[in-house]
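Survey of secondary and tertiary structure
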Amino acid sequence: MKAEAYERAASDREAFWAEAAERLSWDQKWDRVLDWDDPPFAKWFVGGRINAAYNCVDRHVEAGNGDKVALHWVGEPADDKRTITYSDLKDEVSRAANALLALGVQTGDRVAIYMPMIPETVVAMLACARIGAPHTVVFGGFSSDALASRLVDCGAKVVITSDGGYRRGAPSALKPAVDEARAKTAGEGFDVEHVLVVRRTEQEVTWDDQVDVWWHDAVGSASPEHECEFFDAEHPLYVMYTSGTTGKPKGILHTTGGYLTGTSYTHHAVFDLKPETDVYWCTADVGWVTGHSYMVYGPLANGATQVMY
């Protein structure tokens, strides 16, 4: 089977990826699989319209799989657990999308996510995708300097964070780094408009009523009804920054149609996971591209059940 797939991809790559894309739900089918007229700048599924959040959540609920578990989350302490079905996830993503809209986030605005490994991180990513606001997830272990440079570079309108997370069983603050990053970016003439804060560790945090908003207030009070909009296949989905180990971090832009086709196909064919029977765990942090592809977009697009630590 593997050899046959390689042979088909090598003999006609456009037909191969068109077949893979058919596994997704498109609001409008593409006119052209690949525009390679200006290499190395590729455009995939030109003319197609799609929404990543719809493919990861809504279509499974509409297919009658709303009661299927999307996430088994195990946090710290070890008895801190949540089981989230696809119906639950749809409601939470819709609420978060409505909350972001209420905070003034519009299609094309960038949202930074600086979070621990909790279900709200996945919800935040999908809510951004749902309204066409490209997200950039910044690893929660990065410093305020690293966060500030990314906020300025991508022009983030909103930051989603939490009071803190847990590392080796002990609370570790996150919001203070956001406050420091905001102060640093203000010195560069850039201001984040709002900071949406998940209450996780119950640590005391400095609060600015003009900027800071509690997740449980904004998202908890929002409607679970939201009709997602479909966007061009080349609409930006997220920006992932290089680590900056050997130079200034570089933002790598991932667009929607080609990326979702690639991650959903490889999760299905390379990992060989069967959503009807298998439960899956990816050890990556969501702050890295593996966490994006094989903890969020790939498995959820395939209707999988996964464990999140």
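What this report covers is the structure whose coordinates are included nearby.

What counts, and at which threshold
- Every residue gets a number counted from 1 within its own chain, in the order that chain's sequence is written.
- Reporting in this predicted model follows two pLDDT cut-offs: at least 70 for local features of residues, and 80 or more for side-chain atom pairs to be given and counted; totals over whole chains, interfaces and linings ignore these cut-offs and use all residues.
- To get the side-chain values, take all heavy atoms of the structure and skip hydrogens and water.
- Numbering of helices and strands runs from the N terminus, with a helix taken as a DSSP run of H or I at least four residues long and a strand as a DSSP run of E at least two residues long.
- Radius of gyration: over C-alpha atoms. The globule rule applied is 2.2 Å multiplied by the number of residues raised to the 0.38 power.
- Type-normalised accessible area, obtained with a 1.4 Å probe on protein chains alone, sets the label of each residue: buried when under 20%, exposed when over 50%, and partly exposed for intermediate values.
- Whether two residues touch is decided by their heavy atoms; if any such pair falls within 4.5 Å, the residues are in contact.
- Note on areas: these come from Shrake-Rupley sampling with a 1.4 Å probe, and a residue is covered only by the protein chains present in the view.
- What counts as a salt bridge is simple: a side-chain nitrogen of Lys or Arg found within 4 Å of a carboxyl oxygen of Asp or Glu.
- Only protein atoms enter the 1 Å grid used here, on which a cavity is any set of points holding a 1.4 Å probe that cannot leave and a pocket is any open set flanked by protein within 12 Å on both sides along at least five of seven lines; residues with an atom within 4 Å of a point are listed as lining.
- Grid points are joined across faces, edges and corners, and a volume is the space filled by probe spheres set on the points.
- As a working rule, the residues Ala, Val, Leu, Ile, Met, Phe, Trp, Tyr, Cys and Pro are called nonpolar, Asp, Glu, Lys and Arg charged, and the rest polar, with Gly in that last group.
- Paired strands are those between which DSSP finds at least two bridges.
- A fitted line through C-alpha atoms represents every axis, and for helices the fit uses only the stretch in contact; the resulting angles, taken between N-to-C directions, go from 0 to 180 degrees.
- By definition in this entry, angles of less than 35 degrees are roughly parallel, angles greater than 145 are roughly antiparallel, angles of 65 to 115 are roughly perpendicular, and the rest are oblique.
- What makes a crossing left-handed is the near helix being turned counterclockwise from the far one by less than a right angle; a clockwise turn instead makes it right-handed.

1. Some words on the overall build of the chain
Of the regular secondary structure elements, the chain holds 10 helices and 17 strands. Relative to the compact-globule value of 19 Å for 309 residues, the chain shows a C-alpha radius of gyration of 19 Å, a close match. Dimensions of the chain, computed from C-alpha atoms along their principal axes, come out at roughly 60 × 45 × 35 Å. The proportion of buried residues among the 309 residues of the chain is 54%. Residue pairs at least 24 apart in sequence account for 68% of intrachain contacts in the chain once pairs closer than 6 positions are excluded. As displayed, the chain has an accessible area near 13900 Å², and 50% of this comes from carbon and sulfur atoms.

2. Side note on the pattern of salt bridges
In the structure shown here, the tally under the stated rule is 16 salt bridges. The salt bridge partner of glutamate 22 is lysine 29, with a shortest N-O separation of 2.8 Å. Assessed through its relative accessible area of 45%, glutamate 22 is described here as partly exposed. Judged by its relative accessible area of 49%, lysine 29 is partly exposed. The salt bridge partner of aspartate 109 is lysine 157, with a shortest N-O separation of 3.2 Å. Here aspartate 109 is found in the loop between helix H4 (86–102) and strand E6 (110–114), whereas its partner lysine 157 is found in strand E8 (residues 156–162), with 48 residues between them in sequence. Taken individually, aspartate 109 and lysine 157 each receive the classification buried, so the pair is uniform in this respect.

3. Quick notes on empty space enclosed by the protein
The gaps left among the atoms become clear once a water-sized probe is rolled over them. Applying the stated criterion across every chain, the model contains two cavities of 30 Å³ or more. By volume, the largest cavity amounts to about 60 Å³. Counting residues per element, the ones that place at least two in the lining of the largest cavity are helix H5 (119–131) and strand E14 (236–241). In terms of residue class, the lining of the largest cavity is built from nine nonpolar, four polar and no charged. Looking at the second largest cavity, its volume works out to about 40 Å³. As for the second largest cavity, its lining consists of Val137, Val138, Phe139, Phe142, Arg150, Met240, Tyr241, Gly287 and Trp288. Class assignment for the residues of the lining of the second largest cavity results in seven nonpolar, one polar and one charged.

4. With respect to the pairing of strand E5 (residues 81–85)
Sheet analysis places strand E4 (residues 69–74) next to E5, joined by five bridges and oriented antiparallel. Within the sheet, the bridge partner assigned to valine 74 lies in E5 and is lysine 81. Linkage of E4 to E5, two consecutive antiparallel strands, is achieved through a turn of six residues.

5. Notes on the environment of tryptophan 215
Examined against the element boundaries, tryptophan 215 turns out to sit in helix H8 (residues 215–218). Taking the relative accessible area as the measure of exposure, tryptophan 215 reaches 7% and is therefore buried. When the C-alpha positions of tryptophan 215 and threonine 161 are compared, they lie 9.1 Å apart, and in sequence the two are 54 residues distant. Sequence-distant contacts of tryptophan 215, defined by excluding residues within four places in its chain, comprise Ala96, Glu120, Val123, Ala124, Ile160, Leu196, Val197, Val198 and Gly220.

6. Describing the layout of surface pockets
Its boundaries defined by the atoms lining it, the largest pocket holds a volume of some 590 Å³. For the lining of the largest pocket, the elements supplying multiple residues, two or more each, are helix H1 (2–11), helix H2 (13–21), helix H3 (52–65) and helix H9 (256–269). Residues that form the lining of the largest pocket fall into these classes: 13 nonpolar, four polar and seven charged. The volume enclosed by the second largest pocket comes to roughly 500 Å³. Around the second largest pocket, the lining comprises 26 residues; the ones closest to its centre are Glu76, Met117, Tyr166, Asp285 and Tyr309. The element best represented in the lining of the second largest pocket is strand E9 (residues 164–167), accounting for three residues. Classifying every residue of the lining of the second largest pocket by side-chain character gives 15 nonpolar, six polar and five charged.

7. Brief notes about the environment of valine 137
Its place among the elements puts valine 137 in strand E7 (residues 135–137). On a C-alpha basis, the gap between valine 137 and alanine 112 in space is 5.8 Å, while along the polypeptide they are 25 residues apart. Excluding residues that lie within four positions of it along the chain, valine 137 makes contacts with Ile113, Met125, Val239, Val286, Gly287 and His292.

8. Comments concerning the packing of H3 against helix H10 (residues 289–301)
Two numbers describe how H3 lies on H10: the axes approach to 8 Å, and their chain directions differ by 50 degrees. Considering their axes alone, H3 and H10 lie oblique with respect to each other. The way H3 lies across H10 gives a crossing that is left-handed. In contact with Ala52, Asn55, Cys56, Arg59 and His60 of H3, H10 contributes Tyr297, Leu300 and Ala301.

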